[in-house]
Amino acid sequence: MSRSPMIVRTVPALRRALDRIRAKKATIALVPTMGALHDGHVSLVRLAKRRAAKVIVSIFVNPTQFAPTEDFGSYPRTWKADVARLAAEDVDLIWNPDVKTMYPDGFATRILTEGPATAGLEDRLRPHFFGGVATVVGKLFTQCRPDFAVFGEKDFQQLRVVTRMAGDLDLGVKVIGSKTVRERDGLAQCLSVAGSAPDSAGTIPRDEGKRQAPARGRRHQGRDGRRR
């Protein structure tokens, strides 16, 4: 029988919960998401459970990685369904801060990304993106203090950026890439992790994806210009 995960929304409450976990010498894996969870996210959670005794899933729609042309307000929020999915997977804790908690008044610090973030791939189309990703993921790592963090391999450049950042800043987090979960027609499910590019529904539009011939192994491009 599944149990309800602890839901935490403030940094002091998160620290108290983490202190209790650490007192038991338990390892922690973090799965950062922006909610609207599907089978791809569940695969990340299951990998996290294989690597650590306790699993934290963060749900936070990060405004700093949305371009001015992308509608932060319309990003799907499916809170009740997300909690039910995570309860079914026996997730231990859901970290669900609001924007004020992550970026309080006067917030003035950003992580500047170079190296893998300037490879001329997604950064060419969305130059704002990886600075927002690195900043929010860096905050999640310092808040949750995980031993492991699990990201989908589909967003390869993002995975490289996050791995490089964790190593460069000595955050003590081992970043793990998880294989892509695909639909029956071969399209990759879009993982709305903390660092994923926003789109209108968290998945590639069906008709558009089919026009781009996944069977030939091409990368796919959504309506927001993002390479899939």
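Anything mentioned here points back to the structure above.
Residues numbered from 1 in each chain as written. Predicted model: local features only at pLDDT ≥ 70, side-chain atom pairs only at ≥ 80, totals over all residues. Heavy atoms only, no water.

A. Structural view of the overall build of the protein. Counting secondary structure elements, the protein contains eight helices and six strands. Each helix and strand of the protein, placed in order from N terminus to C terminus, yields the pattern β-α-β-α-β-α-β-α-α-α-β-α-β-α. Within the protein, the proportion of its 228 residues that are buried is 53%. For the protein, restricting intrachain contacts to residue pairs at least 6 apart in sequence, the fraction spanning at least 24 positions comes to 78%. As displayed, the protein has an accessible area near 11,200 Å², and 52% of this comes from carbon and sulfur atoms. (Helix = DSSP H or I, 4+ residues; strand = E, 2+ residues; numbered from the N terminus. Buried < 20%, exposed > 50% of the residue type's maximum accessible area, 1.4 Å probe, protein only. Contact = heavy atoms within 4.5 Å. Areas by Shrake-Rupley, 256 points an atom, 1.4 Å probe, with all protein chains shown as cover.)

B. The arrangement of the nonpolar core in detail. Of all hydrophobic cores here, the largest spans 30 residues; its most connected members are Ile56, Trp95, Val137, Phe141 and Phe151. If one sorts the elements of this core by residue count, helix H6 (residues 129-144) sits on top with seven residues. Core analysis: the second largest hydrophobic core is formed by 18 residues, Val45, Ile59, Val83 and Ile176 among them. (Core = buried A, V, L, I, M, F, W, Y, C linked by side-chain atoms within 4.5 Å.)

C. Highlighting helix H2 (residues 39-51). In this model, H2 (13 residues) spans 19 Å end to end at C-alpha, consistent with the 18 Å of a helix rising 1.5 Å per residue. Within H2 the residues assigned to the buried category are Gly40, His41, Val42, Ser43, Leu44, Val45, Leu47 and Ala48. Among the structural elements, strand S2 (28-33), strand S3 (54-59), helix H3 (79-88), strand S5 (148-152) and strand S6 (174-178) are those in contact with the buried residues of H2. (Expected span 1.5 Å × (residues − 1).)

D. Summary view of the sheet that holds S6. Across the sheet, six strands lie side by side as S1-S4-S3-S2-S5-S6; this open sheet has parallel pairing. Edge positions in the open sheet fall to strand S1 (6-8) and S6, since each of these has one partner strand only. The average undirected angle you get between the axes of adjacent strands in this sheet is 25°. Strand direction decides the pairing type here: S1 and strand S4 (residues 93-95), joined by three bridges, are parallel. When the bridges of S4 are listed, methionine 6 appears paired with leucine 93. On top of the sheet, helix H7 (residues 156-168) reaches S5 and S6; it is set at about 165° to S6, its chief contact. (Pairing = 2+ DSSP bridges. Axes fitted to C-alpha atoms, helices over the stretch in contact; angles between N-to-C directions.)

E. Examining the pairing of S3 more closely. In terms of burial, S3 is largely enclosed, as five of its six residues are buried. Judged from the six bridges that link them, S2 and S3 form a sheet pairing that is parallel. Considered in S3, the bridge of alanine 29 is made with valine 55. Assessed by its sense of winding, the connection that carries the chain from S2 through H2 to S3 is right-handed. As defined by bridge partners, S3 adjoins S4 across three bridges and the pair is classed as parallel. Bridge pairing in S4 links isoleucine 56 to leucine 93. On the question of chirality, the crossover connecting S3 to the parallel S4 by way of H3 is right-handed. (Right-handed = clockwise from strand over helix to strand, strands pointing away.)

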